[in-house]
Structures are given as structure tokens and as C-alpha cells.
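As a plain string of letters, each chain reads:
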Number of protein chains: 2
Amino acid sequence: MSQTNGTIFIVVAPSGAGKTSLVSALLQAEPSVELSVSYTTRAPRQGEENGKHYHFSDRATFENMIATGDFLEYAEVYGNYYGTSKRWLRERLAAGRDILLEIDWQGARQVREVFPDAVSVFILPPSIAVLEARLRGRATDSEEVIARRLSEARAEIDQVAEYDYLIVNDDFEQARLDLISVIRSQRLRGERQCRHHQAAIAAMQTPA
Amino acid sequence: MSQTNGTIFIVVAPSGAGKTSLVSALLQAEPSVELSVSYTTRAPRQGEENGKHYHFSDRATFENMIATGDFLEYAEVYGNYYGTSKRWLRERLAAGRDILLEIDWQGARQVREVFPDAVSVFILPPSIAVLEARLRGRATDSEEVIARRLSEARAEIDQVAEYDYLIVNDDFEQARLDLISVIRSQRLRGERQCRHHQAAIAAMQTPA
């Protein structure tokens with residue numbers, strides 16, 4: 001088979017570790033990586049495109065997908081459903097696309113159960129002090145919210161040994177290059193490349 | 001243990017695939033990677049430093065190292081010995097250094113037997129036609145030499161499925177970024193990073 005399946009990348013980080021900026025820099029540097037597109041029952045906002053920002057769906061369709069077990073994970077927030085479709089992920093992977101999921105550590109475990117080949121990346125702050133300074137820097141959160149975020153961050157960091165790759169976001173540019181390296185190197189794995197370049201390689205080998 | 005062991009990288013490519021330029025660009029971008037330094041009994045040339053270009057050794061010492069089985073591989077060329085010392089490699093790895101070995105596919109097999117954690121990279125030309133054009137471009141080789149090089153290249157490419165990573169050197173800049181990604185991503189592996197940042201991580205986790 002000449003088709004090369006894509007890879008699922010799971011990126012997990014405590015709030016304040018800099019995940020959003022890093023993922024956005026990654027998508028710019030490696031446009032062939034796609035962010036996972038969730039299904040939702042909420043109405044599209046101005047400028048949101050179906051299939052790009054969300055898969056907009058009516059309640060009956062969404063609940064039918066729940067019933068058939070299609071959701072990797074889903075939640076109801078303020079009366080609207082949000083969820084990640086296994087079928088959609090499988091279709092994108094089969095089309096050779098790499099898909100990036102930004103989730104929490106519980107979600108990461110669920111994804112790995114269904115997609116054991118998923119590659120997981122954890123982004124760490126250099127220290128709790130730096131994380132706290134970053135959370136305070138936002139200036140919008142109360143002491144109580146900051147304390148809760150720090151406690152959640154510690155709980156997330158408790159699970160760090162489960163991840164395939166670990167990036168310390170001390171210097172943003174270094175962390176950006178690190179994340180790009182992890183994604184890029186997966187595509188260079190021997191097995192994947194041998195499938196992808198099967199015909200070219202066969203033509204270069206000793207004729208049988 | 002807070003010490004993080006380094007990694008051995010094996011880079012293999014048929015003659016004309018562009019390995020020398022790629023490795024040299026890698027060493028410039030990632031100065032923490034060291035080229036393996038061979039032992040030799042030949043006399044130092046102008047500007048060659050002991051321990052940097054070669055480990056210069058007398059014949060008795062070299063033959064004693066052969067007798068004790070210290071060489072990963074060695075050869076006698078025009079009356080001088082050349083060899084790679086297992087002990088030297090182990091010392092550099094224990095010091096946390098990443099060491100790159102440029103060898104052929106037979107050498108790669110020997111290294112993997114002794115160092116099963118070695119990470120192997122194969123650099124492929126995009127096609128035999130391109131490889132042939134590159135070999136002809138040197139303009140110094142006879143038809144006979146070119147024919148032999150192509151036949152050796154095919155034999156080398158026959159073994160491509162044995163490698164951890166496979167880089168197609170079609171566009172030099174892309175291949176350069178590929179090679180950097182492979183080396184860089186190894187340092188980000190969870191297990192290695194958890195050891196390397198053990199104290200910092202423990203300080204960020206939920207207090208016991």
C-alpha cells in the first residue's frame with residue numbers, strides 16, 4: 001500500500017505553560033499539521049466556518065453520534081455539546097494528515113486507549129515560580145483562581161512520566177524548535193518513510 | 001540518578017547522497033553533538049589535535065586495545081591502524097554527550113549489536129539518476145569507479161528497512177532540518193527528560 005497514514009499528536013500542558021503560543025507557532029511552521037476540529041451543537045459565530053473551526057451539528061445528530069459511540073470524548077457546556085469524533089479522526093489519518101489534539105491529561109489517556117500509536121507531548125514550565133508569575137501576569141484572575149490553577153498544574157505534572165516527549169518551555173524559541181522537531185521527526189521514521197517512498201526505494205535497490 | 005546518558009547516532013548513506021554536507025550542517029546547528037573520534041597509529045598532520053581529530057596512539061597500545069576487544073571496529077589502511085574505541089564511546093555517553101558515527105551499513109550493524117539504543121539514520125538520494133548525476137558531477141572518477149559506486153549504493157539501499165529514521169536528500173535545506181529534528185527530538189524523549197529534569201519536576205508535582 002502506498003498510502004501513508006498520518007499521526008495523532010496529543011499536546012498537554014498546565015495552564016500558563018505556553019501551549020497556545022507554541023501550538024500556533026508550530027502550525028505556522030508546519031502547515032501540513034491540522035488542529036483537530038470538534039463537533040458542536042452551538043450556533044456558528046461571525047466568521048466561523050463549518051469544518052474549519054467546528055463541525056456544526058444539530059442536537060439530534062450529535063446525540064445519535066453519542067449513542068453510536070463515535071465520540072472520543074464529549075462534554076455539555078452551557079447547554080451546548082462539544083466532542084471529538086473518532087470517525088472524523090480516522091478519515092483524516094487515512095488521508096495521510098497529521099492531527100494535533102490540545103487536551104488535558106484525562107483526555108490524553110482516553111485518546112491513547114483508542115489510538116495507541118498517538119504521539120504524546122507534555123509542555124512543562126521551567127518552575128512553579130515561573131508558572132505562577134505567568135498566571136499572575138494575566139492580571140485578570142483572582143487569588144483563588146490562581147491557587148486553583150497552580151494546584152491543577154501540579155496534578156497535571158504528576159502524570160508527566162506517561163508522555164512520549166517532554167518539552168520545557170523556558171526559552172520560547174528553543175521550545176518552538178523542540179515542538180517542530182518532535183512532529184517533523186515522526187514523519188521520518190523508517191517504517192513510515194519506507195511505505196511512503198516504496199516505489200522510489202524499490203527502483204534504487206539492487207534489481208532482483 | 002541525575003546524570004543523563006547521551007545517545008549514539010549512526011548516520012549511513014551511499015556515496016553521493018550528501019551525507020558529509022548534511023552532517024557538517026548538523027554539527028554547526030547543534031554544537032552539543034560530537035563526531036566520534038577514532039584512534040589511529042598514523043602520525044598527526046599539520047594542525048591535527050590529539051583527542052579532537054584523532055586519538056593518536058602507538059602501535060603497541062593500539063594492538064593491546066585490539067587484544068582486549070576494545071574496538072567496535074578497526075582496520076589497517078596503508079600500514080596504519082584506525083579504530084573506534086568502545087571504552088571512549090561509553091565514557092562520552094556517560095558524560096551526557098551525543099556522539100555521531102559516520103559509518104557504512106556493515107559498521108552500523110556492529111554498532112547496534114554493542115549499543116542497541118543507538119539511533120540510526122539513513123540518508124537516501126531522491127533517485128539513482130540523481131545519485132549518478134552527483135557522482136558524475138565530481139568529474140574525477142572513471143566510468144568504472146562510478147559503476148562500482150552505483151552498485152555499492154544499491155547494496156546499501158537494500159538495507160534501508162533496518163534504520164530508525166530515513167531522510168530523502170532531495171532539497172538540502174529540508175534534509176538539513178530533517179536531520180536536526182531527528183537528533184533534537186531524541187533529547188526530548190520523556191524518559192530522558194524525566195531523568196534530566198528530575199529535581200525540577202519533583203518540585204513542580206503535588207507535594208507528597
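Per an unreviewed UniProt entry, chain A is named Guanylate kinase, and its organism is Vogesella indigofera. Per UniProt, the comment on chain A under Catalytic activity (unreviewed entry) is "GMP + ATP = GDP + ADP".

Novice: How do you make sense of the nonpolar core when you look at a structure like this?
Specialist: Within soluble globular proteins, side chains that are nonpolar generally end up buried alongside one another. With 36 residues, the main nonpolar core has I8, I10, V111, F115 and F122 of chain B as its most contacted residues. A per-element tally of this core places helix α6 (residues 143-157) of chain B first, with 4 residues. In this view, F122 of chain B contacts V12, P14, E156, I157, V160, Y163, Y165, L166 and I167 of chain B; residues no more than four positions away in its chain are not counted. Within the second largest apolar cluster, 35 residues are counted, among which are L72, V111, F115 and F122 of chain A.

Novice: Quick question: what am I supposed to make of the pattern of salt bridges here?
Specialist: Pairing is possible between side chains that carry opposite charge, provided their charged atoms lie close to one another. Residues and elements named next belong to chain B. Using the criterion set out here, one finds 36 salt bridges over all chains in the structure. Among the ionic pairs, R59 bridges to E63, the shortest N-O distance being 3.7 Å. A residue pair is termed a helical-turn pair when its members lie 3 or 4 positions apart in one helix, as R59 and E63 do in helix α2 (residues 59-67) at 4 residues. Accessibility expressed as a relative area gives 36% for R59, which makes it partly exposed.

Novice: Where do I start with the UniProt feature "binding site: ATP" (unreviewed entry) in chain A in this structure?
Specialist: Residue and element names in this part refer to chain A. Taking the numbering used here, the UniProt-annotated feature "binding site: ATP" (unreviewed entry) corresponds to A13, P14, S15, G16, A17, G18, K19 and T20. In this fold, P14 is placed in the loop between β1 (8-12) and α1 (19-29). For P14, the residues in contact, after removing those within four places along its chain, are F122, I123, P125, A153, E156 and I157. Counting through the fold element by element, A17 comes out in the loop between β1 and α1. Note on A17: relative accessible area 0%, which makes it buried.

Novice: Help me understand helix α3 (residues 86-94) of chain A in this model?
Specialist: Given 3.6 residues per helical turn, the α-helix brings residues three or four places apart onto the same face. Residue and element names in this part refer to chain A. Along α3, the positions that sit buried rather than exposed are K86, W88, L89 and L93. Seen end-on, α3 carries its buried residues on one side only, within an arc spanning 160 degrees. N-cap assignment for α3: the residue whose side-chain oxygen lies 3.2 Å from the backbone N of R87 is S85. Following α3 by one or two positions, G96 has its phi on the positive side, about 85 degrees.

Novice: What's the story with the relation of the copies chain B and chain A in this structure? I'm lost.
Specialist: There are two copies of the chain, and a rotation about an axis plus a shift along that axis relates them. Note on the copies: chain B fits chain A at an RMSD of 0.1 Å, the axial shift is 0.0 Å, and the rotation between them is 180 degrees. Both copies are brought into coincidence by an operation consistent with a two-fold rotation axis. Looking at the rotation axis and the C-alpha trace of chain B, the residue lying nearest is S181 of chain B, at 2.1 Å. Most of the interface of chain B is mirrored in chain A, where 100% of its interface residues are also at the interface.

Novice: Sorry if this is basic, but what is going on with the sheet that holds strand β9 (residues 165-168) of chain A here?
Specialist: The pairing of strands in a sheet happens through backbone hydrogen bonds and is either parallel or antiparallel. All names here are of chain A. Taking strand neighbours across the sheet as the criterion, the 5 strands line up as β2-β7-β1-β8-β9 in an open arrangement whose pairing is parallel. In this open sheet, the two strands that pair with only one neighbour each are β2 (33-35) and β9. Neighbour-to-neighbour, the strand axes of the sheet open up by a mean angle of 25 degrees, direction not taken into account. In this sheet, β9 lies alongside strand β8 (residues 119-124) in parallel orientation, the contact comprising 4 bridges. Bridge pairing in β9 places V121 opposite Y165. Across the sheet, α1 touches β1, β2, β7 (98-102) and β8, and the angle it forms with β7 is around 170 degrees. Lying over the sheet, helix α4 (residues 105-114) contacts β1, β7 and β8, oriented at roughly 160 degrees with respect to β1.

Novice: Explain the interface of chain B and chain A to me, please; I cannot follow it from the model alone.
Specialist: Often, the extent of an interface is quoted as the loss of accessible area upon association of its parts. With 37 residues of chain B at the contact, the number on the chain A side is 37 residues. Here chain B and chain A share an interface that buries about 3,000 Å² over both sides, 59% of which is from carbon and sulfur atoms. Interface area lost by chain B to chain A is led by R184, L188 and M204 of chain B, which between them contribute 23%. Linking chain B to chain A there are 2 salt bridges. Here R184 of chain B makes a salt bridge to D178 of chain A, at a shortest N to O gap of 2.8 Å. Viewed at the interface, chain A and chain B are joined by 21 residue pairs in polar contact (both at pLDDT 80 or more). At the level of elements, α6, β9 (165-168), α7 (172-186), α8 (190-196) and α9 (198-204) of chain B are the ones that each hand at least two residues to the side of chain B that touches chain A. Classifying every residue of the side of chain B that touches chain A by side-chain character gives 22 nonpolar, 9 polar and 6 charged.

Novice: Before we go on, may I ask you to explain the sheet that holds strand β6 (residues 80-85) of chain A in this structure?
Specialist: Residues and elements named next belong to chain A. Spatially, β4-β3-β6-β5 is the arrangement adopted by the 4 strands of the open sheet, whose pairing is mixed. Looking along the sheet, the strands with just one partner apiece sit at the ends: β4 (55-56) and β5 (71-77). Of the strand pairs in this sheet, strand β3 (residues 39-40) and β6 are connected by 2 bridges, and their pairing is antiparallel. Note on β6: the bridge partner recorded for T40 is Y82.

What counts and how
- Residues numbered from 1 in each chain as written.
- Chains lettered and ligands numbered in written order.
- Predicted model: local features only at pLDDT ≥ 70, side-chain atom pairs only at ≥ 80, totals over all residues.
- Heavy atoms only, no water.
- UniProt positions renumbered as here; feature names shortened; annotations may be inferred.
- Core = buried A, V, L, I, M, F, W, Y, C linked by side-chain atoms within 4.5 Å.
- Buried < 20%, exposed > 50% of the residue type's maximum accessible area, 1.4 Å probe, protein only.
- Helix = DSSP H or I, 4+ residues; strand = E, 2+ residues; numbered from the N terminus.
- Contact = heavy atoms within 4.5 Å.
- Salt bridge = Lys/Arg side-chain N within 4 Å of Asp/Glu carboxyl O.
- Arc of directions from axis to C-beta.
- Polar contact = N/O pair within 3.5 Å; in protein donor to acceptor, adjacent residues only side chain to side chain.
- Least-squares fit on C-alpha atoms with pLDDT ≥ 70 in both.
- Pairing = 2+ DSSP bridges.
- Axes fitted to C-alpha atoms, helices over the stretch in contact; angles between N-to-C directions.
- Buried area = accessible area lost by both parts, 1.4 Å probe.
- Nonpolar A, V, L, I, M, F, W, Y, C, P; charged D, E, K, R; others polar.

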